[in-house]
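# Close look at the chain arrangement
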Amino acid sequence: MKQEELKTLLYDEIAKCNRCGFCLAHCPIYTIMGREWATPRGKNALVRAIIEGKIGWTPEIEDTLFRCTGCRLCTQTCFPAVETNQGVLAGRACLADMHQYPKIVDRVVEALENNFNISDEPNEDRTLWMDFLKNVPEHMYQKEKAEVVYFVGCVAAFFPLVQKIPQAFVQVLDKSKVDFTILGGEEWCCGFPLIQMGMEEKMQKLVEHNQEKVKQVSAKTVVFACPSCFHTWKEKYNTNAELLHSTQYMERLINEKKIVFNNGFNKTVTYHDPCDLGRNSKVFDPPRNILNAIPGLKLVEMANNRQLCNCCGGGGDLEMIDPELSAAIAERKIQEIQDTGAEVVVTSCQQCIRTISGYARKKEIDLKVMDITEVVLEAMGS
Amino acid sequence: MDREKMVEELVKLVGKENVLSSETDLYLYGYDASLFRGKPDCIVLPGSTEEVSKIVKFAHEAGVHVVGRGSGTNLSGGTIPTQGGIVVHFSRMNRILEIDIENQRAVVEPGVFTLALKNALARYGYVYQPDPASEKVSTFGGNFGENSGGPHCLKYGVTTNHILGAEVVLYNGDVVHVGGKTLDNPGYDLTGVLVGSEGTLGIATKLILRIMPKPEAVKTMLAIYNTLEDAGKTVSAIIGDGIVPATLEMLDRLTIKAVEESIHAGFPLDAEAVLIIELDGLKDGMERLAERIMEICKKNNVREVKAAKTEAERMQLWAGRKGAFGAIARLRPNYLVCDGTVPRTKLPEVLTKVMEVGRKYDLSIANVFHAGDGNLHPLILFDERNEEELRKVHLAGSEIMKLCAEAGGTISGEHGIGTEKKKEMLFVFTPQDIGAMKKVKMAFDPEDIYNPGKVLPEIQE
């Protein structure tokens, strides 16, 4: 993106910031860093200063703009609801245009161009998570035609820590007798990381491919266990298929009595709203309705929940760009989880699980982190 | 002193990571929530009183100015480094040092957010009373400097009534203690002098606060009026009757409209004004007091008065008040919050004149304010990028202050003077009065190290 375009797109939005500073109280980055550059107010001020020609693209601006989790809690708590993250992403797009960004970005872009996924593995390996699953049907969950496409997402497909999500979700769908398929090696990254890196124009190829594949399957519905894939499809894709997050779809299956809880789940749990599912897609009730429908399960809320839920620290590619900062945010999140006294923290996002349990493991904190699909599967029993 | 040398010396005192001096950082510490701008020479983030003392001692010896800063939420330009120097940002000194329930005291560092202490106190059933609108992020250092207020200050008093003592770093780096944990301290009341001095006399590094048990019961009412005058008369009549509600807030027509469009708090769109009246204290007698207030409202031609029956209804009424700034902020890109105080009895008359000022400059003005203590907050709507409009906003703001002063009030209720209202000080003080204040400044900071160019206007001596 060029600077002129930045002005056209965002000057009016950013100019709504009155610098009141109320966002400082909520921003996960400022809470850890304690410096003005970390604040949403500061980010707005810098983007505005660039638009007005008062400041150039300094190295500090790069550091600043690449340190935002995209959680949008600042916008949620801002009087004029300034869309700071839009300014941040547009700023990153300008930086990308000038090849001024963290080195790791090139590696990810290369992986996406070569493998169509964010890992270094070939895309055929997208289904390796099935190796650990018993009773996999002959078609390996890959059918030519199906009512529903389950879009697995790169992280859940490739990262061992969270492969339990597709493993659990396909079993839930199977047990509920849903006619579904995955796209296997034909599933390409949704493009979310490119948006975060300010390279949205590079995602078109991915979008078109995925849209076409869903069309070929004649699917009426596409289901996502990844909130970021879900949000990206909702915002950037053009499809006639209905787009649902796994929590919305499972809620429907419960209402249709296709999901039945034979076992229940006798534990006190708290629920963490993933930013891209909760605040950014406004899906707050389905996960709670699911949890409340499970016999024996007691749901307790964190001090900050729903619209005000604190980010885990893993959003906006931050874990990739600044792992230390991401971990410091996760530490605070874990404190808030522990304050509820819950035995398990349930969420519905592979990235949140990675950030939270990754930190807990490293620091040997006894914390059980589960995806909602796992909880549902366990509660369904045989 | 050249900047490189300054940074080098400061790095020795607090470490490299706690000194900021890039062009980007200098830009970012040049603003606060006001309309003013400045540029510091560098920014330092101390971690202890000892470090603050060393920084100030260094600044004093080098003849460099020092400006303290918390969250930079202040509305009068108090934290703008108008003459350069070192900005001391207190975000690292954010520990609650002590909560002593039996003696009803808390001790905090200056970087603690007001609400963070309140949250910590809630588990004991205790509260720190002052509640500035920015409490979720305003720091105690800032509250100390600005003598912050808030809706509940009608009954409980402003910040100065809740700060009993402080550890203060003087202009030369010396650390002194003023006041203490007891209510009445011998010697001069230096705490009283320092609270509200806007960082021009010293920097607080520890604060001793008064905390109180949470009131047993709360009752919140909404009174709806067809005229501003009747609403204003009600305010005077309630206080005149000897009742001191916990809060007594007023919203005018433009505010009501904006609130209803964005949050639906249940305010009627055709009303000219609403009052939000809240009582707190012992359960016994509260109903009787509420009835008395309702009677007073009726005598003053209230259209309707209703009491919140549940906590949810109460929260909804407050959502309307607390969301008012937000709702108004959506009408135009920017707003200036004016801050003036008038005798309660003059409220209707001054409000009418405020609206005339708006018409004169062709600016929209919305009013949402602490009516109980006569603290007006006219919000002037504009677009900061429009220079002509910005110029008119400054003129209108000043004219509104003049109105307040002429009505027997004053030019600030809680936001301070800072950079914004220095010349308006002469609306309410004579040059002799200002001269007396200058002597205090000279006593505390003879070399003008701290926050230069703030609060006091230039006068002919």
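Residues numbered from 1 in each chain as written. Chains lettered and ligands numbered in written order. Predicted model: local features only at pLDDT ≥ 70, side-chain atom pairs only at ≥ 80, totals over all residues. Heavy atoms only, no water.

## Details of unusual backbone geometry
Although it is not a glycine, Asp317(A) sits at a positive phi angle of roughly 65°. Mapping Asp317(A) onto the fold places it in the loop between strand S6 (298-300) and helix H15 (318-321). Among the residues examined, Asp317(A) registers a relative accessible area of 11% and is labelled buried. Although it is not a glycine, Glu198(B) adopts a positive phi angle of roughly 55°. (Helix = DSSP H or I, 4+ residues; strand = E, 2+ residues; numbered from the N terminus. Buried < 20%, exposed > 50% of the residue type's maximum accessible area, 1.4 Å probe, protein only.)

## Let's talk about the sheet that holds strand S4 (residues 86-89) of chain B
All names here are of chain B. Within the open sheet, the four strands sit side by side as S1-S2-S4-S3. Their pairing is mixed. Here the strands that pair on one side only, and so sit at the sheet edges, are strand S1 (19-20) and strand S3 (66-69). Here S3 pairs with S4 via four bridges, running parallel. Following the sheet pairing, Gly68 is matched in S4 by Val88. Across the face of the sheet, helix H1 (residues 3-14) comes into contact with S1, strand S2 (42-44) and S4 while running at roughly 5° to S2. Where helix H3 (residues 49-62) meets the sheet, its contacts fall on S2, S3 and S4, and the angle it forms with S4 comes to roughly 170°. (Pairing = 2+ DSSP bridges. Contact = heavy atoms within 4.5 Å. Axes fitted to C-alpha atoms, helices over the stretch in contact; angles between N-to-C directions.)

## Digging into the interface of chain B and chain A
Accessible area lost on assembly of the parts is the figure often given for the size of an interface. With 38 residues of chain B in contact, the opposing surface of chain A contributes 35 residues. On inspection of chain B and its partner chain A, the count reaches four salt bridges. Measuring nitrogen to oxygen at the nearest pair gives 2.9 Å for the salt bridge that ties Glu384(B) to Arg19(A). In this structure, the connection of chain B to chain A is made through 21 residue pairs in polar contact (both at pLDDT 80 or more). Among the elements of the structure, helix H2 (23-28), helix H12 (324-329) and strand S16 (334-337) of chain B are those that each provide at least two residues to the side of chain B that touches chain A. A total of five residues in the side of chain B that touches chain A trace back to one element, the largest contributor, which is H2(B). Class assignment of the residues belonging to the side of chain B that touches chain A gives a composition of 15 nonpolar, twelve polar and eleven charged. (Salt bridge = Lys/Arg side-chain N within 4 Å of Asp/Glu carboxyl O. Polar contact = N/O pair within 3.5 Å; in protein donor to acceptor, adjacent residues only side chain to side chain. Nonpolar A, V, L, I, M, F, W, Y, C, P; charged D, E, K, R; others polar.)

## Some remarks on the domain arrangement of chain A
Residue and element names in this part refer to chain A. Split into domains, chain A comes out as domain 1 (3-97), domain 2 (104-254) and domain 3 (263-380). Tallying the contact residues gives 17 residues for domain 1 and 18 residues for domain 3. Of the roughly 1400 Å² buried between domain 1 and domain 3, counting both surfaces, carbon and sulfur atoms make up 66%. Counting across the interface, domain 1 meets domain 3 through one salt bridge. In this structure, Arg67 and Asp322 form a salt bridge, with 2.8 Å as the shortest nitrogen-oxygen distance. For the interface between domain 1 and domain 3, the tally reads five residue pairs in polar contact (both at pLDDT 80 or more). When residues in the side of domain 1 that touches domain 3 are grouped by element, the largest group, five residues, is from helix H2 (residues 28-33). (Domains from an automatic or database assignment. Buried area = accessible area lost by both parts, 1.4 Å probe.)

## Considering the pairing of strand S9 (residues 175-179) of chain B
The side chains of a regular strand alternate, first on one face of the sheet and then on the other. Residue and element names in this part refer to chain B. Both strand S8 (residues 163-169) and S9 contribute to a ladder of five bridges, which runs antiparallel. Directly across from Val169, in S9, lies its bridge partner Val175. Joining the antiparallel neighbours S8 and S9 is a turn of five residues, in which Gly173 adopts a positive phi near 100°.

## Things to note about the domain arrangement of chain B
Residues and elements named next belong to chain B. Taken domain by domain, chain B holds domain 1 (3-89), domain 2 (96-213), domain 3 (217-326) and domain 4 (332-448). Measuring from the centre of the C-alpha atoms in domain 3 to the corresponding centre in domain 4 gives 25 Å. Across the contact, 17 residues belong to domain 3 and 18 residues belong to domain 4. Of the roughly 1400 Å² buried between domain 3 and domain 4, counting both surfaces, carbon and sulfur atoms make up 69%. Applying the counting criterion to the domain 3 and domain 4 interface returns zero salt bridges. The tally of links between domain 3 and domain 4 comes to seven residue pairs in polar contact (both at pLDDT 80 or more). Those elements giving two or more residues to the side of domain 3 that touches domain 4 turn out to be helix H8 (228-240), strand S13 (247-252), helix H9 (253-262) and H12. Top element by residues in the side of domain 3 that touches domain 4 is H8. It accounts for seven residues. Taken together, the residues of the side of domain 3 that touches domain 4 break down into nine nonpolar, three polar and five charged.

## Points about the packing of aromatic side chains
Following the criterion strictly, the structure yields twelve aromatic pairs over all chains and no others. Look at Phe325(B) and Tyr335(B): their rings are 6.0 Å apart centre to centre, the planes differ by 75°, and that puts the pair in the edge-to-face class. Taken together, the residues Phe325(B) in helix H12 and Tyr335(B) in strand S16 connect sequence positions ten residues apart. Counting every residue linked through ring pairs, the aromatic cluster contains Phe151(A), Phe224(A), Phe230(A), Trp233(A) and Tyr237(A). Sitting over the face of the ring of Phe265(A), Lys267(A) holds its NZ or CZ atom 5.6 Å from the ring centroid. Note that Lys402(B) overlies the ring of Phe427(B), its terminal NZ or CZ placed 4.5 Å from the centroid. (Phe/Tyr/Trp six-rings, centres within 6.5 Å; stacked < 30°, edge-to-face > 60°. Lys NZ or Arg CZ within 6 Å of the ring centre and 35° of its normal.)

## Observations regarding the sheet that holds strand S1 (residues 148-151) of chain A
Residue and element names in this part refer to chain A. The four strands lie next to each other as S2-S1-S3-S4, forming an open sheet whose pairing is parallel. Pairing within the sheet leaves two strands with one partner each, and these edge strands are strand S2 (180-181) and strand S4 (242-245). Bridge count for strand S3 (residues 221-224) against S4 is four bridges, and the pairing is parallel. Its bridge partner lying in S4, Val222 is registered against Leu243. Relative to S4, helix H13 (residues 246-255) is tilted by about 95°, and along the sheet it contacts S1, S3 and S4.

## A look at helix H10 (residues 286-299) of chain B
Residues and elements named next belong to chain B. With 14 residues, H10 should cover 20 Å at 1.5 Å per step; its first-to-last C-alpha distance of 20 Å lies within 8% of that length. The complete set of buried residues in H10 reads Met286, Ala290, Ile293, Met294, Ile296 and Cys297. Down the axis of H10, the buried side of the element spans an arc of 160°, and every buried residue falls inside it. Facing away from the buried side of H10 by more than 90 degrees, the exposed set consists of Arg288, Glu291 and Lys299. The elements touched by buried residues of H10 are strand S12 (217-225), H8, strand S14 (273-281) and strand S15 (304-307). Phi turns positive, to about 60°, at Asn301, one or two residues after H10. (Expected span 1.5 Å × (residues − 1). Arc of directions from axis to C-beta.)

## So, the pattern of salt bridges
On inspection of all chains with the given rule, the structure shows 53 salt bridges over all chains. A salt bridge links Glu147(A) to Lys220(A), with the nearest nitrogen and oxygen atoms 3.3 Å apart. Here the residue Glu147(A) occupies a position in the loop between helix H7 (104-115) and S1, and Lys220(A) occupies one in the loop between helix H11 (204-217) and S3, the gap between them amounting to 73 residues. Of the charged contacts in the structure, one is a salt bridge between Lys219(B) and Glu287(B), with a shortest N-O distance of 3.2 Å. In this pair, Lys219(B) sits in strand S12 while Glu287(B) sits in helix H10, placing the two residues 68 residues apart along the sequence. A network of salt bridges, in which partner residues are shared, links Arg19(A), Arg48(A), Glu52(A), Lys54(A), Arg37(B) and Glu384(B).

## A closer look at the side chain of Asp445(B)
Residues and elements named next belong to chain B. Locating Asp445 in the fold gives a position in the segment after helix H16 (431-444). One polar contact links the side chain of Asp445 to the main-chain amide nitrogen of Tyr450, over a distance of 2.8 Å. If we ignore the near neighbours within four places in the chain, the residues touching Asp445 are Tyr171, Thr200 and Tyr450.

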